[in-house]
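The chain contents come next:
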Amino acid sequence: MKTLNLILSNVIENPDQPKFQRVSSTSRLLKTSVLDAHGGTRYLVLSGFKKREEDGKIFWVADVDTSEKLQDMTLARDLLADKMLAIEQQKTLEQEKSKIERVQHEQRAKIAMRQYQEDRETWHQNREKTPVTDSIATPFRDREESTSVPPNFPMFDGPPGELDEGSDEEGSNEEGVGQVLEEGVGQVLEEGVGQV
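First things first, this report covers the structure right here in the doc. (Residues numbered from 1 in each chain as written. Predicted model: local features only at pLDDT ≥ 70, side-chain atom pairs only at ≥ 80, totals over all residues. Heavy atoms only, no water.)

## Observations regarding the overall build of the protein
Within the protein, the secondary structure is distributed over six helices and three strands. Order of helices (α) and strands (β) in the protein, N terminus to C terminus: α-β-α-α-β-β-α-α-α. Looking at the protein as a whole, 16% of its 196 residues qualify as buried. Contacts in the protein between residues at least 24 apart in sequence constitute 54% of all its contacts with a sequence separation of at least 6. For the protein, the accessible surface area stands at approximately 16,300 Å², while carbon and sulfur atoms represent 53% of it. (Helix = DSSP H or I, 4+ residues; strand = E, 2+ residues; numbered from the N terminus. Buried < 20%, exposed > 50% of the residue type's maximum accessible area, 1.4 Å probe, protein only. Contact = heavy atoms within 4.5 Å. Areas by Shrake-Rupley, 256 points an atom, 1.4 Å probe, with all protein chains shown as cover.)

## Notes on the packing of aromatic side chains
Any two aromatic rings considered together are summarised by their centre-to-centre distance and by the angle between their planes. Considering all chains together, one arrives at zero aromatic pairs under this definition. Taking NZ or CZ as reference, R22 lies 4.2 Å from the ring centre of F59, over its face. (Phe/Tyr/Trp six-rings, centres within 6.5 Å; stacked < 30°, edge-to-face > 60°. Lys NZ or Arg CZ within 6 Å of the ring centre and 35° of its normal.)

## Quick look at helix α4 (residues 67-129)
The terminal C-alpha atoms of α4 lie 93 Å apart, and with 63 residues this matches the ideal 93 Å at 1.5 Å per residue to within 8%. Along its buried surface, α4 packs onto α1 (2-13), α3 (40-46), β2 (49-54) and β3 (57-62). (Expected span 1.5 Å × (residues − 1).)

## Here we look at the pairing of β2
Of the strand pairs in this sheet, β2 and β3 are connected by six bridges, and their pairing is antiparallel. Looking at β3, one finds that K51 is bridged to W60. Between β2 and β3, which pair antiparallel one after the other, the connecting turn spans two residues, and D55 there sits at a positive phi close to 55°. (Pairing = 2+ DSSP bridges.)

## Considering the packing of α1 against α4
Where α1 contacts α4, the two axes come as close as 10 Å, and the packing angle between them is 145°. Judged by the twist between their axes, the crossing of α1 over α4 is left-handed. Mapping the contact onto sequence places K2, L4, N5, L8, S9, V11, I12 and E13 in α1 and L70, M73, T74, A76, R77, L80, A81 and M84 in α4. (Axes fitted to C-alpha atoms, helices over the stretch in contact; angles between N-to-C directions. Left-handed = near helix turned anticlockwise from the far one by under 90°.)

## What to know about the sheet that holds strand β1 (residues 22-24)
A sheet is described by the order of its strands in space; here three strands give the open sequence β1-β3-β2, paired in antiparallel fashion. Single-partner strands in this sheet number two, and they are β1 and β2. The sheet shows a mean angle of 30° between the axes of neighbouring strands, taken without regard to direction.

Quick look at the structure:
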């Protein structure tokens, strides 16, 4: 847009000088900034330029041989200038908005950090006032001690839930175990001797 605005301004401000009324199509600035830009060629034509071939070369020549055409070009230049101004203002607004959002983000981050530090200090203060006790392990330890198996628990010789006969009598458990051991050892010895 800036290049197109400059081309139009040169023609409007110097209507009697032919050098400002023609631009070579091989100009890199014209090609990249106007001809290859979206809508650039169309706006150049609507502003009063026409493509002409001179000595085997292509030029864009301003057709301002009348005051009406010059006024049309001036209007086109002013509209282009207004559009450029609107774009610049939009960019400025976006930059200001981005700056405000960045400041707000930094403020929120500072508030969050300050709140975190205050919460941490409060937690440490409360911990110093009420020290942590082993409140979780104690009940389990007490329960384990209260449910420990006594040393003289009766032996079982049958299905679960049935006590051996005579297990209520004192010492019957120890005698039964001794008898079973004697019979078992004797049987093993007899079988071993018989095999030899």
